[in-house]
Amino acid sequence: MTLQERFSPERLIAAACEEAGTDDCGPEGWQAGLERVTDGLVNDARLSDIGAEIAHLDLMRALRNRLGVIAWRKEHPEIAGEQIASPIFVVGQPRTGTTILYDLLAQDPNLRAPLTWEVDEPCPVPRPATYHDDPRIAQAQAGIDLSEQIMPGFLSFHPMGALVGQECVRITAGEFTSMIYSVQYRLPDYYRWLLHEADHARAYRYHRIFLQHLHSGVPGQWLLKSPAHLWQLDKLFAEYPDALIVQTHRDPLNVISSIAALTHHLRRMCSDESDIAECAAQSYEEIVVGLDREMALRDVGVIPADRVIDVQYTDFVKDPWNTIKDIYRRLDRELQPAAERRMRDFLASHLSDGGRGRYTWTDTGLDAGEVRARVSAYQERYGVPTEQLR
């Protein structure tokens, strides 16, 4: 079977419907993203044989989950009334400490993060009695362990675990309007469509449907995370007007070189042809668009000032506990001793190596002076210190 046949949207949808036992994919419009992803996988991604297998599994999981969530919702129409109140979103440029900050906050039992296992296999709805020993946990962990075997060092770049909070891009993957595809695979047309043309309002509506699904089984105040929200904060607030934002800030130049290295590493899992300079060029375009868009939205008041907490990456690295206590103070929440102990235990067992030698600016092929000038307004606005380039 050729790649074009294997990644035919019609063939994928038919196979997923047969596996799921239903053909109702919910509100129309998501097919445009699937068509762009599959076109890019066939024509631009330069997939290896194993890369084609991984990509096929990714798309089939997204389709099955979409079908399953919609079918469950039809069987349990009361789910549409589930309230997602005051969700907290950790956002910011990639590689700015969003993951470890999210993981630490998720240790608070009063916050509800979507765990990897339930995002990857949301049906049937998770239940409190089996939430910590559901057989899907081992299944999800086996998949993560396999990724590390295929590409040793993957988890050093981006730690993951079945019982760790998952990013929202894994949820919006089911709408096929998600940065997860354009990071993992070389999809130049798709990432520009995602950046400039895609209907992200539709993606956030699906995001709510997915959260309501999980919430109906194990409720709580949602703690969510993805750097991708930085690009679409207006759509996020349109869907969640009572959202609270914790935004991390860091020197964009080291961000660009770090995300370029991670993107290159991820793509090498699925392709024998990845160019780190090309990854850096994509990251540069995405970062400057995201920062410009976010600042413009704040200027016009689309993002309410009292709904955002700004966090400096350098402050967080220097003293994470002062940063976390400040976040709690500004959220008007009390950091309970038991939650703080869990956070400290988590951090002690997940110490970062600081990136070691995994990325350097010279790998990007970009002009540091040009990029510095381009992001200077952002640094000045938020008082983001310039870091020494790695």
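Residues numbered from 1 in each chain as written. Predicted model: local features only at pLDDT ≥ 70, side-chain atom pairs only at ≥ 80, totals over all residues. Heavy atoms only, no water.

Draft legend 1. How the structure looks around the overall build of the protein chain. When helices and strands are counted, the protein chain shows 19 helices and 5 strands. Taken over C-alpha atoms, the radius of gyration comes to 20 Å for the protein chain, in line with the 21 Å a tight globule of 390 residues would show. Looking at the protein chain as a whole, 58% of its 390 residues qualify as buried. In the protein chain, once contacts between residues fewer than 6 apart in sequence are set aside, the share between residues at least 24 apart is 78%. Here the protein chain has roughly 16500 Å² of accessible surface; of this, 51% comes from carbon and sulfur atoms. (Helix = DSSP H or I, 4+ residues; strand = E, 2+ residues; numbered from the N terminus. Rg over C-alpha atoms; globule rule 2.2 N^0.38 Å. Buried < 20%, exposed > 50% of the residue type's maximum accessible area, 1.4 Å probe, protein only. Contact = heavy atoms within 4.5 Å. Areas by Shrake-Rupley, 256 points an atom, 1.4 Å probe, with all protein chains shown as cover.)

Draft legend 2. Representation of the nonpolar core within the structure. If you look at the biggest cluster of nonpolar residues, it comprises 57 residues, and the most contacted ones within it are Phe-7, Leu-41, Leu-47, Leu-59, Phe-176, Tyr-181 and Tyr-185. If you list the elements that add at least two residues to this core, you get helix H2 (9-20), helix H3 (31-43), helix H4 (49-75), helix H10 (179-184), helix H11 (188-196), helix H14 (252-268), helix H15 (276-299) and helix H19 (368-382). Examining the composition of this core, we find that 8 residues originate from one element, H4, more than from any other. Membership of the second largest hydrophobic core comes to 25 residues, among which are Val-91, Tyr-206, Ile-209 and Leu-236. (Core = buried A, V, L, I, M, F, W, Y, C linked by side-chain atoms within 4.5 Å.)

Draft legend 3. Seen up close, the sheet that holds strand E2 (residues 111-112). Reading across the sheet, the 5 strands line up as E2-E3-E1-E4-E5 and stay open at both edges, with parallel pairing between neighbours. Two strands bound the open sheet, and with one partner strand each, they are E2 and strand E5 (308-312). Sheet strands touched by helix H12 (residues 200-215): strand E1 (88-92), E2 and strand E3 (221-225). Its angle to E3, the strand with the most contacts, is close to 135 degrees. Relative to E5, helix H17 (residues 320-330) is tilted by about 170 degrees, and along the sheet it contacts E2, strand E4 (244-249) and E5. (Pairing = 2+ DSSP bridges. Axes fitted to C-alpha atoms, helices over the stretch in contact; angles between N-to-C directions.)

Draft legend 4. Fine view of empty space enclosed by the protein. Enumeration according to the criterion identifies 5 cavities of 30 Å³ or more in this entry. If you add up the space inside the largest cavity, you get close to 210 Å³. Thr-177, Met-179, His-200, Ala-228 and Gln-232 are, among the 19 residues lining the largest cavity, the residues nearest its centre. Those elements that provide at least two residues to the lining of the largest cavity are helix H9 (169-172), H10, H11 and H12. (1 Å grid on protein atoms, 1.4 Å probe; cavity = no way out; pocket = protein on both sides within 12 Å on 5 of 7 lines; lining within 4 Å. Points joined across faces, edges and corners; volume = space filled by probe spheres on them.)

Draft legend 5. View of the layout of surface pockets. Of the pockets and cavities examined, the second largest pocket occupies roughly 410 Å³. Taken together, 21 residues form the lining of the second largest pocket, with Ala-106, Leu-115, Tyr-131, His-132 and Arg-342 sitting closest to its centre. Elements that contribute at least two residues to the lining of the second largest pocket include exactly E2 and helix H18 (337-349). Each residue belonging to the lining of the second largest pocket can be placed in one class, and the counts come to 11 nonpolar, 6 polar and 4 charged. (Nonpolar A, V, L, I, M, F, W, Y, C, P; charged D, E, K, R; others polar.)

Draft legend 6. A look at the side chain of Arg-61. In this fold, Arg-61 is placed in helix H4. Exposure remark for Arg-61: the relative accessible area of 18% places this residue in the buried category. Once residues lying within four places of it in the same chain are set aside, the contact partners of Arg-61 are Asp-120 and Arg-170.

Draft legend 7. Inspection of the pattern of salt bridges at higher detail. Taken as a whole and judged by the stated rule, the model has 24 salt bridges. Between Arg-186 and Glu-278 there is a salt bridge, with its nearest N and O atoms 2.9 Å apart. Note that Arg-186 is positioned in the loop between H10 and H11 and Glu-278 in helix H15, a separation of 92 residues in sequence. For Glu-278, a relative accessible area of 29% corresponds to the partly exposed category. (Salt bridge = Lys/Arg side-chain N within 4 Å of Asp/Glu carboxyl O.)

Draft legend 8. Structural context of the packing of H14 against H15. For the pair H14 and H15, the least separation of the axes is 8 Å and the interaxial angle reads 130 degrees. Viewed along their axes, H14 and H15 adopt a mutual orientation that is oblique. For the pair H14 and H15, the sense of crossing is right-handed. When H14 is examined against H15, the residues Pro-252, Val-255, Ile-256, Ile-259, Ala-260, Ala-261, Thr-263, His-264 and Arg-267 are found in contact with a partner set consisting of Ile-276, Cys-279, Ala-280, Gln-282, Ser-283, Tyr-284, Ile-287 and Leu-291. Split into classes, the residues belonging to the contact of H14 with H15 amount to 12 nonpolar, 4 polar and 1 charged. (Parallel < 35°, antiparallel > 145°, perpendicular 65-115°, else oblique. Left-handed = near helix turned anticlockwise from the far one by under 90°.)

Draft legend 9. Summary view of the pairing of E3. Burial analysis of E3 places 4 of its 5 residues in the buried class, which makes it a mostly covered element. With 3 bridges connecting them, E1 and E3 associate as parallel partners. Each bridged residue has a counterpart across the sheet, and for Phe-89 the counterpart in E3 is Leu-224. Looking at chain direction, E2 and E3 are connected through 2 bridges and run parallel. In the sheet register, Arg-112 faces E3, and the bridge partner there is Trp-222.

Draft legend 10. A look at the pairing of E4. In terms of residue burial, E4 counts as a mostly covered element, since 6 of its 6 residues are buried. Going residue by residue along E4, you find Leu-244, Val-246 and Thr-248 tucked away on one face and Ile-245, Gln-247 and His-249 tucked away on the opposite face as well. Relative to E4, E1 runs parallel, the two sharing 5 bridges. If you follow Val-90 over to E4, its bridge partner there is Val-246. Of the pairings in the sheet, the one linking E4 to E5 comprises 5 bridges and is parallel in character. Paired with Gln-247 across the two strands is Asp-310, which belongs to E5.

Draft legend 11. Structural view of the state of the cysteines. A full pass over the atoms with the stated rule returns 0 disulfides. Unpaired in this structure, Cys-17 has its nearest cysteine sulfur neighbour in Cys-25, at a distance of 4.8 Å. Relative accessible area serves as the criterion here: at 14%, Cys-17 is assigned to the buried category. With no disulfide of its own, Cys-270 lies closest to Cys-279 among cysteine sulfurs, the gap being 12 Å. (Disulfide = S-S within 2.5 Å.)

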